[in-house]
Amino acid sequence: SFPTRRSSELTIPKPTVGFWESLGTSLWAMVDTDGDRFPGLAKDLAVTGGTPAALAGQMIMTAAMFAALAVVLFVILAVEGFHLALILELAATVLAAAAGAAMPRPTMHSKAVERRAEMREAVAVMCDLAAVLVAAGEDIDAALVAGAGAGAGWAFEAVRANLASAAGRGAAWTSLEGLGERLGVDELVVLALNMGLAEEKGAKVRDALNTQAKTPLPHAAS
């Protein structure tokens, strides 16, 4: 039932996030049935913790809002005596809906760029500490775990969770390589490969880690 005000006006509740996500789920199933058509989008979603259904739901919601605003504008103009051709109103409404649908994607991408920058900084810290520990005689995996425990924030937490899930299933670096590829963070992939080379071929891991730790971080990019 709807709550009532003293003036007996009805207050219509807003649709919940679940409503839009359910629509987004249906939309995503239609446009991405194999789940591999938009690799850049998949990486942005992974690094921001979003889901395709949630993003599609936001796109539908903002499209509906912009279309509704266009209709309200045309109604106001009509009341004031300004009338446009129906075809122009329909075209403008469609363009407004398209503009609304396009808004969530750049916003999410900007957040993804920021998160990747944070991960790059975390990787530099992990490389620096791991190099010191390896030089002191620590084994590669233990040095990596210690490096991941050296800081706070989502990036360190993501690496720690990844290493914990990979515990007992082989070298930690192989798990980190997959994480870097999934998040679109090349520096994490390079760290994993350096650790792997040291473990498999006896490469000088300390030099590799020191080099990566001291390499200036690139500017945030797409």
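As the structure is a computational prediction, the values presented were derived from the model and not from experiment.

Q: Honestly, the overall build of the protein chain in this entry has me stumped. Any pointers?
A: Along the protein chain, the regular secondary structure elements total ten helices and zero strands. Its helices and strands in sequence order give the protein chain the pattern α-α-α-α-α-α-α-α-α-α, from N to C terminus. For the protein chain, the proportion of its 222 residues judged to be buried stands at 34%. Counting only contacts in the protein chain whose residues sit at least 6 apart along the sequence, the fraction spanning at least 24 positions is 63%.

Q: What should I look at first to understand the confidence of the model for the protein chain in this one?
A: Low-pLDDT portions of the prediction should not be read for the details of their coordinates. Per-residue confidence for the protein chain averages 77 on the pLDDT scale, and 70% of its residues sit at or above 70. Per-element averaging of pLDDT across the protein chain places helix H1 (residues 17-31) at the bottom with 56 and helix H4 (residues 86-102) at the top with 92.

Q: In this structure, what is going on with the nonpolar core? I would like to understand it.
A: One broad trend across soluble globular proteins is that nonpolar side chains are buried collectively. Membership of the largest hydrophobic core comes to 25 residues, with the highest contact counts inside it found for Met119, Val159, Leu176, Leu188 and Leu191. Put simply, the parts of the chain that give this core at least two residues each are helix H5 (104-135), helix H6 (140-148), helix H7 (154-166), helix H8 (172-183) and helix H9 (186-201). The element best represented in this core is H5, accounting for six residues. When neighbours within four sequence positions are excluded, Met119 is seen to be in contact with Trp154, Ala155, Ala158, Val159, Leu183, Val185 and Leu188.

Q: Whenever I open this one, the pattern of salt bridges confuses me. Can you help?
A: Side chains that differ in sign of charge can pair as their charged atoms come close. For the coordinates displayed, the defined rule picks out three salt bridges. In this structure, Arg116 engages Asp44 in a salt bridge whose closest nitrogen and oxygen atoms are separated by 2.8 Å. Here Arg116, found in helix H5, pairs with Asp44, found in helix H2 (residues 39-48); they are 72 residues apart in sequence, far enough to count as distant. You can call Arg116 buried: its relative accessible area is 5%.

Q: What exactly am I supposed to notice about the packing of helix H3 (residues 52-79) against H5 here?
A: The description of two packed helices rests on the angle between their axes and on the distance between the axes. Remark: H3 packs on H5, axes separated minimally by 9 Å, with the N-to-C direction vectors making an angle of 140°. With respect to their mutual orientation, H3 and H5 come out oblique. Listed contacts from H5 to Leu55, Gln58, Met59 and Thr62 of H3 are Pro104, Arg105 and Met108.

Q: In this structure, what is going on with a nonpolar patch on the surface? I would like to understand it.
A: Residues Leu84, Leu86, Ile87, Leu88 and Leu90 make up a contiguous nonpolar surface patch of about 520 Å² in total accessible area. Structurally, Ile87 can be placed in helix H4.

Q: Looking at this structure, I do not really get the packing of H6 against H7. What am I missing?
A: With their axes 9 Å apart at the nearest point, H6 and H7 run at an angle of 145° to one another. At the point where H6 passes H7, the crossing takes the left-handed sense. Contacts between H6 and H7 involve Leu144, Val145, Gly147 and Ala148 on the former and, on the latter, Phe156, Val159, Arg160 and Leu163. In terms of residue class, the contact of H6 with H7 is made up of six nonpolar, one polar and one charged.

Cut-offs applied
- Residues numbered from 1 in each chain as written.
- Predicted model: local features only at pLDDT ≥ 70, side-chain atom pairs only at ≥ 80, totals over all residues.
- Heavy atoms only, no water.
- Helix = DSSP H or I, 4+ residues; strand = E, 2+ residues; numbered from the N terminus.
- Buried < 20%, exposed > 50% of the residue type's maximum accessible area, 1.4 Å probe, protein only.
- Contact = heavy atoms within 4.5 Å.
- pLDDT = per-residue confidence, 0-100.
- Core = buried A, V, L, I, M, F, W, Y, C linked by side-chain atoms within 4.5 Å.
- Salt bridge = Lys/Arg side-chain N within 4 Å of Asp/Glu carboxyl O.
- Axes fitted to C-alpha atoms, helices over the stretch in contact; angles between N-to-C directions.
- Parallel < 35°, antiparallel > 145°, perpendicular 65-115°, else oblique.
- Patch = residues over 30% accessible without salt bridge, like charges linked within 9 Å, V, L, I, M, F, W, Y side chains within 5 Å.
- Areas by Shrake-Rupley, 256 points an atom, 1.4 Å probe, with all protein chains shown as cover.
- Left-handed = near helix turned anticlockwise from the far one by under 90°.
- Nonpolar A, V, L, I, M, F, W, Y, C, P; charged D, E, K, R; others polar.

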